[in-house]
Amino acid sequence: MSLPMGAVELTAQVTLLLLVALALAWLGRRGSPGTIHRLWTTTFALVLVLPLLGILAPSWNVPILPARDGEPRPPALEAPAAVEAAAVGTPRVSAEVPGSGVPHPRALPGAPAGQPTGSSWSPVRVLFIAWALGCAISLISLAAGALRLRALVRAALPLRDPALRRQADAIRKRMRIRADVQLLSSDVTATPMTGGLWKAVILLPAAAVKWSPERRAVVLTHELIHVRRRDVLRQLMRRIVLALYWFHPLGWVAARRAEVASEKACDEEVLALGARPSDYARLLLRLASARGRRPNLLALPLVKTSQLETRIVAILKRRRPRPSVTRTAVTLTIVGSAAVSVAAAHPVPFDEAPVPPHEARLARAEAPSAAIPAPREHELAVAAAVQPEPPRPMRQEIQCPWAGSDSMRTMTVRGGLRVTGWNTETARSRDRLRGCTCACGHTETW
């Protein structure tokens, strides 16, 4: 038993789309991190809407599957057999489920009554249960992270330092952020972080009030950039994709690269706003060395140990690439076109691929009397098993008047019938006997 074609097609489409995005990210590795960040955001959004694109986009068949010569195709034979059986009045062969009185529609001819044709623990069902369990575990982990962040926010205290609040308001106005941002102080967090889907929240360590104004400005700028770009929502989108495609290795690779690209793009904007690269790199090292509780949260910490080296190398580069609108537009156009193409493609076996009209005309011109290809052996076997035997023609006899009244002979007439009883009733149909030869040798010439 094979997997449902829809699940296989969707997995193949996601694979192709992720491969295109990984190739574009590799080609643009020397470019601006902001372009790569937008590429991954668009890619994960397209992965979520691929089923909708498959419905809205025009479909076209792509013959990439092997021909089904050795695989029976009962749907193509079952419907005609059922129609023919209904036409001749022959009921379909079925087996009755024991104890229910309901016939089993998929029973095969000759199978014992009540015997199931498939196992309740088929490979498809086992794979579906495994996928559902993995998806449920991932979603539960995501919900737990959101609940932990909510509890952490409730336990935090509002930031009372007036100098820090004025500095945060000035940076927010400079970055043209109109939404209100809640500043909180927590003894649990060891590194600044941003959270909140509907209402942005910035959590700062309790020691933030003792930081220098330059250090606080860099930290607040970094976190407010996350707020302006709604990176928490982007993180939620990535984690939903990972929950649905937890079995896909390319999904995890793409999610890790998207997370690094998000932080590097944020660092790029911080440096563009005037932060010194050496001071910024030193700040990241100090925050990464701080020990504290780091549970699974639906939030964006300022620094992660696994990303520290990559980010510092990018920050300390002498020649940093500049953002390019043209390169970003081309990259997003390519990944969008790839998503529409893979969503519209419908893989079919080679034997079901449509023949172009010009090739069909050439084939008819070269072989006008070509015979219709014979059906496959399994089709003949299934058709013979489910189709009733055609009724045989009725046989009657006719008495030949030229052979004598006491001698009965037969005469084959049109339609394969035999007529008997030479009388006025059969004489009315004598036009059917014209040109027929009697067993005695007489030929009717009416």
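### What to know about helix α5 (residues 123-155)
Note that an α-helix has 3.6 residues per turn; residues three or four places apart therefore point the same way.
Here is step 1 of the chain: Its 33 residues give α5 an end-to-end C-alpha distance of 48 Å, which sits within 8% of 48 Å, the value for a rise of 1.5 Å per residue.
Here is step 2 of the chain: Buried within α5 are the following residues: Val124, Gly134, Cys135, Leu142, Gly145, Leu149 and Leu152.
Here is step 3 of the chain: Of the surrounding elements, those touching the buried residues of α5 are β5 (182-186), β6 (193-195), β7 (201-205), α8 (231-244) and β8 (299-301).

### Points about the side chain of Arg238
Here is step 1 of the chain: With respect to the element layout, Arg238 can be found in helix α8.
Here is step 2 of the chain: With residues up to four places along the chain from it excluded, the contact list for Arg238 reads Phe44, Ala255, Ala258 and Glu259.

### Re the confidence of the model for the chain
Here is step 1 of the chain: Looking at the chain as a whole, its pLDDT mean stands at 75, while 62% of the residues score no less than 70.
Here is step 2 of the chain: Ignoring residues within four places in sequence, the model shows residues 402-410, a span with pLDDT below 50, making 23 contacts including any to other chains.
Here is step 3 of the chain: This model gives residues 412-417 a pLDDT under 50, and the stretch forms 19 contacts once residues within four places in sequence are excluded.

### A few points about the nonpolar core
Here is step 1 of the chain: Among the nonpolar cores identified, the biggest contains 34 residues, and Ile202, Leu204, Leu220, Leu224, Tyr280, Leu284 and Val303 are the most heavily contacted of them.
Here is step 2 of the chain: At the level of elements, α6 (162-174), β7, α7 (213-229), α9 (249-272), α10 (277-289) and α11 (308-315) are the ones that each hand at least two residues to this core.
Here is step 3 of the chain: Residues in contact with Val303, not counting those within four places in the same chain, are Thr191, Leu284, Leu287, Ala288, Leu308 and Arg311.
Here is step 4 of the chain: Of all hydrophobic cores here, the second largest spans 28 residues; its members include Val14, Leu46, Ala254 and Ala339.

### Topic: unusual backbone geometry
Here is step 1 of the chain: Even without being a glycine, Arg176 presents a positive backbone phi close to 60°.
Here is step 2 of the chain: Among the secondary structure elements, Arg176 is positioned in the loop between α6 and β5.
Here is step 3 of the chain: The class of Arg176 is exposed, set by a relative accessible area of 77%.
Here is step 4 of the chain: If you check the backbone angles, Arg230 has positive phi at about 55° while not being a glycine.
Here is step 5 of the chain: For Arg230, the position within the fold is in the loop between α7 and α8.
Here is step 6 of the chain: The exposure class assigned to Arg230 is exposed, which follows from its relative accessible area of 53%.

### Comments concerning empty space enclosed by the protein
A probe as big as a water molecule, rolled over the atoms, marks out the empty space that is left.
Here is step 1 of the chain: Taken as a whole and judged by the stated rule, the model has two cavities of 30 Å³ or more.
Here is step 2 of the chain: Taken as a whole, the largest cavity spans an internal volume of roughly 50 Å³.
Here is step 3 of the chain: Lining the largest cavity are Gln235, Glu259, Glu263, Ala299, Leu300, Pro301, Lys304 and Gln307.
Here is step 4 of the chain: Looking at the lining of the largest cavity, the elements that each hand over two or more residues are α9 and β8.
Here is step 5 of the chain: Broken down by element, the lining of the largest cavity gets its largest block of residues, three residues, from β8.
Here is step 6 of the chain: Among the residues forming the lining of the largest cavity, the class breakdown is three nonpolar, two polar and three charged.
Here is step 7 of the chain: Its boundaries defined by the atoms lining it, the second largest cavity holds a volume of some 30 Å³.
Here is step 8 of the chain: Every residue along the wall of the second largest cavity is listed here: Trp40, Thr41, Phe44, Arg234, Met237, Arg238 and Ala258.
Here is step 9 of the chain: The set of elements that each furnish at least two residues to the lining of the second largest cavity consists of α2 (33-48) and α8.
Here is step 10 of the chain: Of the residues assigned to the lining of the second largest cavity, the class counts are four nonpolar, one polar and two charged.

Calculation criteria
- Residues numbered from 1 in each chain as written.
- Predicted model: local features only at pLDDT ≥ 70, side-chain atom pairs only at ≥ 80, totals over all residues.
- Heavy atoms only, no water.
- Helix = DSSP H or I, 4+ residues; strand = E, 2+ residues; numbered from the N terminus.
- Expected span 1.5 Å × (residues − 1).
- Buried < 20%, exposed > 50% of the residue type's maximum accessible area, 1.4 Å probe, protein only.
- Contact = heavy atoms within 4.5 Å.
- pLDDT = per-residue confidence, 0-100.
- Core = buried A, V, L, I, M, F, W, Y, C linked by side-chain atoms within 4.5 Å.
- 1 Å grid on protein atoms, 1.4 Å probe; cavity = no way out; pocket = protein on both sides within 12 Å on 5 of 7 lines; lining within 4 Å.
- Points joined across faces, edges and corners; volume = space filled by probe spheres on them.
- Nonpolar A, V, L, I, M, F, W, Y, C, P; charged D, E, K, R; others polar.

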